[in-house]
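Summary of the model geometry
Residue strings, one per chain:
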Amino acid sequence: MFRFPVSWALRCMRYCFFSYFSKPGPPRLPRPLKERGRMAERRAFLWLKNMGIDVKRAGNRELHVRLTHNGRMEEFTLTGRADYLAENAVVEVKAGRPRTSYIPAYLAQLNLYMLMYGIDQGLLLFGDGTFLRVRRSDFVIRQSLSYFSELAGCIEDFRVPEGDYAFCASCPYRVL
Ligand code: SF4
């Protein structure tokens, strides 16, 4: 059965396709970018604490999905871990500012985490201090699962999906 990281939701499907076939995995983030992400998580933790919101590290989760897409049964497992869990919200931290073209992918990721942890509310925190409070959306979840079903179909057929050029700037495959 296919295993996909939740963080691939609604990103460039061509990136996910290449990454699926990359061994031992997609190219790793450069060290400065990784460090930037860790710093953003630490800042977010302190910001939430100052706001009186207690959070804890979230554990890994898996979601097994079986659904019909384009007349075919697709089966896959989504894996991932949100950044933090508050008492009644999933918290996801992004190191950068909220770029418009990335927001659908961020919302898809957060909604899938809400589904996986059984929590109805989410909080997206950005590196520039802005944040989005989100209610779980069945529409976004359906769109996200449909995206992964399409990806599974592309992999089965070895059909390279269309690229989404909004994501090219930070893509390790852009030189191929
Ligand atoms: S370079 Fe752009 S189109 Fe190609 S895989 Fe990366 S994000 Fe997608």
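Refer to the preceding data block for the structure.
Everything numeric here is computed off the predicted structure, so don't read it as measured data.

Reading the values: rules and limits
- Residues numbered from 1 in each chain as written.
- Predicted model: local features only at pLDDT ≥ 70, side-chain atom pairs only at ≥ 80, totals over all residues.
- Helix = DSSP H or I, 4+ residues; strand = E, 2+ residues; numbered from the N terminus.
- Expected span 1.5 Å × (residues − 1).
- Buried ≥ 20, exposed ≤ 12 C-beta atoms within 10 Å, placed from the backbone.
- Contact = placed C-beta atoms within 7 Å.
- Pairing = 2+ DSSP bridges.
- Core = buried A, V, L, I, M, F, W, Y, C linked by C-beta atoms within 7 Å.
- Axes fitted to C-alpha atoms, helices over the stretch in contact; angles between N-to-C directions.

Counted at 1.5 Å a residue, the expected span for helix α4 (residues 138–157) with its 20 residues is 28 Å, and the 29 Å between its end C-alpha atoms agrees. Within α4, burial applies to V140, S144, L145, Y147, F148, S149, L151 and A152. Turning to α4, the residues buried within the fold contact β1 (2–5), α1 (13–21), β3 (61–69), β4 (72–80) and α3 (103–117). Immediately beyond the C-terminal end of α4, within one or two residues, lies F158, with a positive phi of roughly 50°.

Two faces make up the sheet, and in a regular strand the side chains alternate between them. Relative to strand β8 (residues 131–135), strand β7 (residues 121–126) is paired through five bridges, and the arrangement is antiparallel. By the bridge assignment, L124 is partnered in β8 with L132. Here β7 folds back onto β8 in antiparallel fashion, the turn holding four residues, of which G129 has a positive phi close to 90°.

For the rest of this paragraph, the subject is the nonpolar core. Among the nonpolar cores identified, the biggest contains 40 residues, and A9, V91, L110, L112, Y113, F148 and L151 are the most heavily contacted of them. Broken down by secondary-structure element, the contributors of at least two residues to this core are α1, α2 (31–50), β4, β6 (90–94), α3, β7 and α4. It is α3 that contributes the most residues to this core, 10 residues altogether. Beyond its immediate chain neighbours, meaning those up to four positions away, L112 contacts V6, A9, L78, I141 and S144.

Taken together, five strands build an open sheet; the order of strands is β2-β5-β6-β7-β8 and the sheet is mixed. The open sheet is flanked by β2 (56–57) and β8, the only strands paired with a single partner. Sheet analysis places β2 next to strand β5 (residues 84–85), joined by two bridges and oriented antiparallel. Bridge pairing links K56 to L85 in β5. Sitting on the sheet, α3 touches β5, β6, β7 and β8, and the angle it makes with β6 is about 150°.

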